[in-house]
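Residue-level structural notes
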Amino acid sequence: MSKVVKMTAQRLALGLLVLWVVSLVIFLAVSFLPGDIATEMLGQSATPETVAALRRELGLDLPLHTRYVEWLGGLLHGDFGHSLANRREISELLGTRTLNTLFLAGVAALISVPLALALGILAALYRNSFFDRAVNVATLSSISFPEFFVAYILIVIFAVRLGWFPSISSIGPGMPLLDRLHAVALPALTLTLVVVAHMMRMTRAAIINLLASPYIEMAALKGMSRGRIILHHALPNALAPIINVVVLNLAYLVVGVVVVEVVFVYPGLGQLMVDSVQKRDVPVVQACSLLFAATYILLNLSADVLSILTNPRLMHPR
């Protein structure tokens with residue numbers, strides 16, 4: 001157990017170091033964006049003196065390293081600062097949007113993960129059959145299209161033609177759960193179609209790779225059914241790569257929703273970040289980017305630790 005704790009602590013320390021580097025990259029990248037919120041708020045008719053006064057008021061005239069140290073110091077104390085556009089606390093803006101994004105990602109994960117695992121196991125069980133080929137063609141097709149294209153196709157079919165689901169996913173506080181699920185049906189389906197192919201193909205490949213192992217052949221010679229061999233002998237030993245790809249796709253469901261949220265005008269973190277970029281609201285863009293980066297790093301860390309825990313060869317290296 002102490003080895004697991006030590007390994008987790010090492011990975012966590014490495015994750016914090018990566019997060020600091022990412023925070024520096026995000027700050028520099030956002031700072032070098034053309035234009036700023038002063039010119040955006042005052043318009044093109046503003047005089048240079050007025051723009052300079054507003055930049056002083058917002059603290060945008062301070063040297064870059066001073067702004068970074070102040071921003072990082074605030075982050076270490078849990079203070080994201082204030083939005084330059086409306087002067088509201090950023091943590092207040094992020095709260096509801098983060099919950100909305102997590103809700104959408106959670107719904108997509110509840111659909112995609114069991115579906116991908118089931119399809120992967122069945123494709124391995126009926127390898128080279130019509131079912132296997134049909135699933136492969138369907139998943140390859142869904143993964144070949146960009147997300148916005150899949151989203152617009154679903155809108156045309158299910159919102160415009162059939163009228164089953166709304167094309168704009170508008171949710172708010174106090175909304176009943178069934179209404180929320182109905183509102184996020186199309187964005188969740190879009191994300192599911194995008195991520196299910198990765199997980200399904202990895203599950204299929206990992207199980208098929210293990211089916212050639214001597215202990216699997218021995219189990220088959222003893223008369224075990226193919227389903228029992230896959231579920232009781234192949235699947236447990238294929239968990240490490242499957243967990244890796246599942247967790248990485250869960251990370252994608254949280255940090256890769258920007259395009260999907262914009263298409264469906266969903267009030268999540270991705271939509272907030274795009275709106276803030278248009279307004280040049282730098283602190284909000286930095287906070288959203290850092291939140292996405294932290295989520296990705298944390299889920300990668302989880303995938304790393306879970307893969308090692310489920311693989312005795314990695315857990316006890318010679």
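Look a little higher up for the structure.
So, here's what we can say about the structure.

Scoring rules and cut-offs
- Residues numbered from 1 in each chain as written.
- Predicted model: local features only at pLDDT ≥ 70, side-chain atom pairs only at ≥ 80, totals over all residues.
- Heavy atoms only, no water.
- Helix = DSSP H or I, 4+ residues; strand = E, 2+ residues; numbered from the N terminus.
- Buried < 20%, exposed > 50% of the residue type's maximum accessible area, 1.4 Å probe, protein only.
- Patch = residues over 30% accessible without salt bridge, like charges linked within 9 Å, V, L, I, M, F, W, Y side chains within 5 Å.
- Areas by Shrake-Rupley, 256 points an atom, 1.4 Å probe, with all protein chains shown as cover.
- Salt bridge = Lys/Arg side-chain N within 4 Å of Asp/Glu carboxyl O.
- Expected span 1.5 Å × (residues − 1).
- Arc of directions from axis to C-beta.

So, about the environment of Gln 271. Within the secondary structure layout, Gln 271 lies in helix 14 (residues 269-279). On the accessibility criterion, Gln 271 (11% relative accessible area) is buried. Spatially, the C-alpha atoms of Gln 271 and Val 260 are 9.0 Å apart, while their sequence positions differ by 11 residues.

Together, Phe 145, Phe 148, Phe 149, Tyr 152, Ile 153, Val 156, Ile 157, Leu 162, Trp 164 and Val 259 make up an exposed nonpolar region whose accessible area comes to about 920 Å². Among the secondary structure elements, Val 156 is positioned in helix 7 (residues 147-161). Overall, Val 156 belongs to the partly exposed group, its relative accessible area being 40%.

The subject of this paragraph is helix 4 (residues 64-76). Helix length check: helix 4 (13 residues) gives 18 Å between terminal C-alpha atoms against 18 Å at 1.5 Å per residue, within 8%. Taken together, the buried positions of helix 4 are Tyr 68, Trp 71, Gly 74 and Leu 75. Looking down the long axis of helix 4, one finds its buried residues gathered within 130° of arc, a one-sided arrangement. Facing away from the buried side of helix 4 by over 90 degrees, the exposed positions are His 65, Val 69, Glu 70 and Leu 76. Directly beyond the C-terminal end of helix 4, a positive phi value near 75° is found at Gly 78.

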